[in-house]
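# Examination of the molecular architecture
Chain by chain, the residues run as shown.
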Amino acid sequence: MFDNLSQRLSNTVAKLRGQSRLTEDNIKETLREVRMALLEADVALTVVRSFIERVREKAVGQEVIENLTPGQALIKVVQDELVHLMGDANEQLQLNAQAPAIIMMAGLQGAGKTTTIAKLAKRLKEQEKKKISVVSCDVYRPAAIKQLETLAGQIEVNFIPSAADESPLAIATRAVEAAKLNHDDVLFIDTAGRLHVDGDMMGEIIQLHQAVNPVETLFVVDSMSGQDAAMSAQAFNEALPLTGVILTKTDGDARGGAALSVREITGKPIKFLGTGEKVDGLEPFHPDRVASRILGMGDVLSLVEEAQQKVDHKEADKLAKKIKSGKSFNMLDLRSQLSQMQNMGGMAGLMDKLPGTAKLPAAMKSQAGDKSVQSMIAIIDSMTAKERRFPDIIKSTRKQRIAAGSGTQVQDVNRLLKQHIQMQKMMKKFSKKGGMKNLMRSMQGRLPPNMPM
Amino acid sequence: MTDRSLFNRLKSGLAKTRDLLSPGFSNQKAAELELSDELLENFEERLLMADVGIELVQTLINQLKLDVAQAKREHLPTTVSDLFKKLVVALLEPCNQAIMLGDNKPFAILVVGVNGAGKTTTIGKLARRLKRNRKQVMLAAGDTFRAAAVEQLVTWGERNDVPVVAQATGADSAAVIFDALESAKARNIDVLIADTAGRLHTQNDLMTELQKVKRVMQKVDPAAPHETLLVIDASMGQNALRQAQEFHRSMQLTGLCITKLDGTAKGGVVLSIADQLGLPIRYIGVGEAIEDLQVFDAVQFADALLGLEPDT
């Protein structure tokens, strides 16, 4: 599921190759795939529609930047727009109010409100040295008050007791007074989970909000939510002046399209991500990370950006010219290519950024690579100048010397020589189509065959 | 409660789904209908909005095309919505299996699911339901992790006047459930319902812990748990399918319970789960009240989902 978009895109994107400008026509199919991917990630349909429209407007007519295929250029537009929509920067809690600053939580049942209070309170207590009280107005779910009391004990903040036979309004007003007397900096008010279609319960939370006038009213939403996230977010946003959103349970494998829906529909910033049920599982929100996850495509963008920045264009052009002029691809050229790869974070760095490889075990990733790139460079460095230019002269005793000099085995030297011959063949192919630039392009999509993997 | 009111309750719970899934052309005779691309795309989007997975949507659309074509060839009087309902019912029908207690005593139900799905609340409602059917019920507070989860279950026990076997938070979940099973056996209990801590299906260690609970139960009764029930929140999107797949892989589920169908959540992912896993859907939760835990009925569910009046 996770890699669907990249798989799908690789088909449509391939068709886009060689076009220098994005047009209505050539992006149509790709946009349809993006649309499907967003829906698959549970982004609400209305949000998908407006999103695709905006991407279309931005993309059409755009020129394709150097080193990008048109398909990649389109994806860059998609991802930029997604990050932009998610809020360009991470927004903190705003606690500038007369103490106690009141933070109220709202959301559906089981979204994770109570757990999130504990996480936030712990964070404010430890990082900002705030004096904190918490109170629960959830008189409906059995033991909800007890849950907050237990968590308050764990993180050592003040718990203001309440009872299931009190009214939520009475609890909240009493708690505000208590927090004042206690000289608290922050008071967290937990509320019962409620369905957005439950008129009575929505009325109750509106009343509660008016009575305590919180400085932050946070909508807590489960990252696994489906299309309905849009509906509930809208209803809560209309009922309450929300100040932010917290996305919970992000440690699972949900694509988290709800984040985009909620952000787009409420216009309110996502402030934190909840990860796990332990009290320290809270992270500031990073729009780019969540954007990549929704697209299910790894960190393709930063790979694209790195390719733009780090490929030494002079070297690449020199090599391209050389190949075009019919001169053969020698060891020096191979070396310069290998070191360019290392500049881009090496094989492991590349793999981290490629979609689909995120789930590979770390051991496998480390096997895949950087050492062999390094030792390939060492082997080339152990050759004489003549050997580098004319690798054909490398026979048995030279091999033994090179292996000893580079700290490798003769087999490794043989493998490198073989790879070099294959690369040479490949280079010839590429030289026909347009040289090194094309090769570097194709490297962004997939690694050339026979590289150490 | 009559069947009629039960339908209405379910239907009002699914009101929003009905609006979405009754496409404008639904009452047209299939034989007279031109299925344009636009119409199909519109239909596809409606299904997607109901959280039906994309692959299944495409399968359904393709099948619908074939069915409409057939209706045309044979000049059948059916409407498009009839054809669609048939497709949905065909998917859900195999899941239409209630729990059979049989001769097992105690019949042990292990309730599993992700955090916040509604496991403990479902257990509370289920206990009431079984008690009403004159069964001796016992609960096991196997969620020893979440703060006050034990107290929550104990409260449900008091409300329903059923015994709860519990230890303090932090105790070994498998040990609590083992004790409960032995105690249920000794006290001649009919049904033991064991709660477990919510866990994401991606957390390997916690999934392994769940397998241990199962193994330990089997020391008391090799056939236990007689029912391994996965609770799924209807407002979940496509991840619910992943949840079902992963829990099934490590626990060999025997049934599902779909909760929170009383909001605007469409629960369309149920179709995907039925299509992929075919697991029996035992109950659906359509409201806060205890009687709002209902036995799943494929035809009724399809009716409510598509906004059709039941064929009475």
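Remember, predicted model here, so these are calculated numbers, not experimental data.

Calculation criteria
Residues numbered from 1 in each chain as written. Chains lettered and ligands numbered in written order. Predicted model: local features only at pLDDT ≥ 70, side-chain atom pairs only at ≥ 80, totals over all residues. Heavy atoms only, no water. pLDDT = per-residue confidence, 0-100. Contact = heavy atoms within 4.5 Å. Pairing = 2+ DSSP bridges. Helix = DSSP H or I, 4+ residues; strand = E, 2+ residues; numbered from the N terminus. Axes fitted to C-alpha atoms, helices over the stretch in contact; angles between N-to-C directions. Buried < 20%, exposed > 50% of the residue type's maximum accessible area, 1.4 Å probe, protein only. Arc of directions from axis to C-beta. Phe/Tyr/Trp six-rings, centres within 6.5 Å; stacked < 30°, edge-to-face > 60°. Lys NZ or Arg CZ within 6 Å of the ring centre and 35° of its normal. Polar contact = N/O pair within 3.5 Å; in protein donor to acceptor, adjacent residues only side chain to side chain. Salt bridge = Lys/Arg side-chain N within 4 Å of Asp/Glu carboxyl O.

## Re the confidence of the model for chain A
Residues and elements named next belong to chain A. Overall, the prediction assigns chain A a mean pLDDT of 81, with 75% of residues at 70 or greater. Across residues 355-367 the pLDDT falls below 50, and counting only partners more than four positions away or on other chains, this stretch makes 15 contacts in the model. Below a pLDDT of 50 lies the segment residues 442-453, which in the model reaches 32 contacts outside its immediate sequence neighbourhood of four places, other chains included.

## Thoughts on the sheet that holds strand 1 (residues 101-107) of chain A
Residue and element names in this part refer to chain A. Reading across the sheet, the 8 strands line up as 3-2-4-1-5-6-7-8 and stay open at both edges, with mixed pairing between neighbours. Each of the sheet's edge strands pairs with one partner strand only, and the pair in question is strand 3 (158-160) and strand 8 (282-284). Neighbour-to-neighbour, the strand axes of the sheet open up by a mean angle of 25°, direction not taken into account. Relative to strand 5 (residues 216-222), strand 1 runs parallel, the two being bridged by 5 bridges. Paired with Met-105 across the strands is Leu-218, a residue of strand 5.

## Description of helix 19 (residues 396-406) of chain A
All names here are of chain A. Taken residue by residue, helix 19 has Lys-399, Ile-402, Ala-403 and Ser-406 as its buried positions. Buried residues of helix 19, viewed axially, fall in a sector of 100°; they line one side. Opposite its buried face, helix 19 presents the exposed residues Thr-397, Gln-400, Ala-404 and Gly-405, each directed more than 90 degrees away. In the segment just after helix 19, Gly-407 is the residue with positive phi, at about 70°.

## Concerning the packing of aromatic side chains
Given two aromatic rings, one states the distance between the centres and the angle between the planes to describe the pair. Taken as a whole and assessed by the stated rule, the structure comprises 2 aromatic pairs over all chains. With 5.0 Å between their ring centres and 35° between their planes, Phe-219 of chain A and Phe-236 of chain A make a pair best called tilted. One end of the pair, Phe-219 of chain A, is in strand 5; the other, Phe-236 of chain A, is in helix 9 (residues 228-239), and 17 residues separate them in sequence. Among the residues examined, Phe-236 of chain A registers a relative accessible area of 0% and is labelled buried. Consider the rings of Phe-296 of chain B and Phe-301 of chain B, whose centres lie 5.3 Å apart with planes at 50°: the pair is tilted. For the residue pair Phe-296 of chain B and Phe-301 of chain B, the accessibility class agrees, reading buried in each case. The ring centre of Trp-156 of chain B lies 4.9 Å from the NZ or CZ of Arg-159 of chain B, which sits over that ring.

## Some words on the sheet that holds strand 4 (residues 191-194) of chain B
Paired through backbone hydrogen bonds, the strands of a sheet run either parallel or antiparallel to each other. Residue and element names in this part refer to chain B. Spatial strand order, 3-2-4-1-5-6-7-8: 8 strands in an open sheet with mixed pairing. The open sheet has two free edges, formed respectively by strand 3 (164-165) and strand 8 (293-295), since each of these has just one partner strand. Sheet analysis places strand 7 (residues 281-285) next to strand 8, joined by 3 bridges and oriented antiparallel. Within strand 8, the position partnered with Tyr-283 by the bridge is Val-295.

## A word on the side chain of Thr-408 of chain A
Residues and elements named next belong to chain A. Looking at the element boundaries, Thr-408 is found in the loop between helix 19 and helix 20 (410-433). Judged by relative accessible area, which is 11%, Thr-408 ranks as buried. Within the structure, Thr-408 has its side chain in polar contact with the side chain of Ser-406 (distance 2.8 Å). Aside from chain neighbours lying at most four places away, what touches Thr-408 is Ser-375, Ile-379, Ala-403 and Val-413.

## Concerning the pattern of salt bridges
All names here are of chain A. Following the criterion strictly, the structure yields 24 salt bridges over all chains and no others. We note a salt bridge from Arg-335 to Asp-381, for which the minimum N-O separation is 2.6 Å. Taken together, the positions of Arg-335 in helix 14 (residues 331-343) and Asp-381 in helix 17 (residues 370-381) put the pair 46 residues apart, joining distant regions of the chain. For Arg-398, the salt bridge goes to Glu-387, with nearest N and O atoms at 2.9 Å. One end of the pair, Arg-398, is in helix 19; the other, Glu-387, is in helix 18 (residues 385-389), and 11 residues separate them in sequence. Relative accessible area serves as the criterion here: at 29%, Arg-398 is assigned to the partly exposed category. Beyond isolated ion pairs, a larger network of salt bridges with shared partners links Arg-54, Lys-58, Glu-81 and Glu-264.

## Here's the deal with the confidence of the model for chain B
Close inspection of predicted coordinates is inappropriate in any region flagged by low pLDDT. All names here are of chain B. Looking at chain B as a whole, the pLDDT averages 86, with 88% of positions reaching at least 70. Per-residue pLDDT, averaged within each element of chain B, yields its smallest value for helix 2 (residues 15-21) (44) and its largest for strand 1 (residues 107-112) (98). Low pLDDT (under 50) marks residues 15-25, which in the prediction has 28 contacts with non-local residues, meaning those over four places away or in another chain. For this predicted complex, the interface score ipTM comes out at 0.88, while the overall pTM is 0.76.

## Things to note about unusual backbone geometry
Between Ala-99 of chain A and Pro-100 of chain A the backbone carries a cis peptide bond, its omega angle lying at -5°. Mapped onto the secondary structure, Pro-100 of chain A falls in the loop between helix 4 (70-85) and strand 1. The peptide bond linking Lys-105 of chain B to Pro-106 of chain B adopts the cis configuration, its omega dihedral lying at -5°. A positive phi is found at Asp-42 of chain A, a non-glycine position, where the angle reads about 75°. Looking at the secondary structure, you find Asp-42 of chain A in the loop between helix 2 (24-40) and helix 3 (45-59). Although it is not a glycine, Ala-148 of chain B adopts a positive phi angle of roughly 65°. Secondary-structure assignment places Ala-148 of chain B in the loop between strand 2 (137-140) and helix 7 (149-160). The class for Ala-148 of chain B is buried, based on a relative accessible area of 1%.

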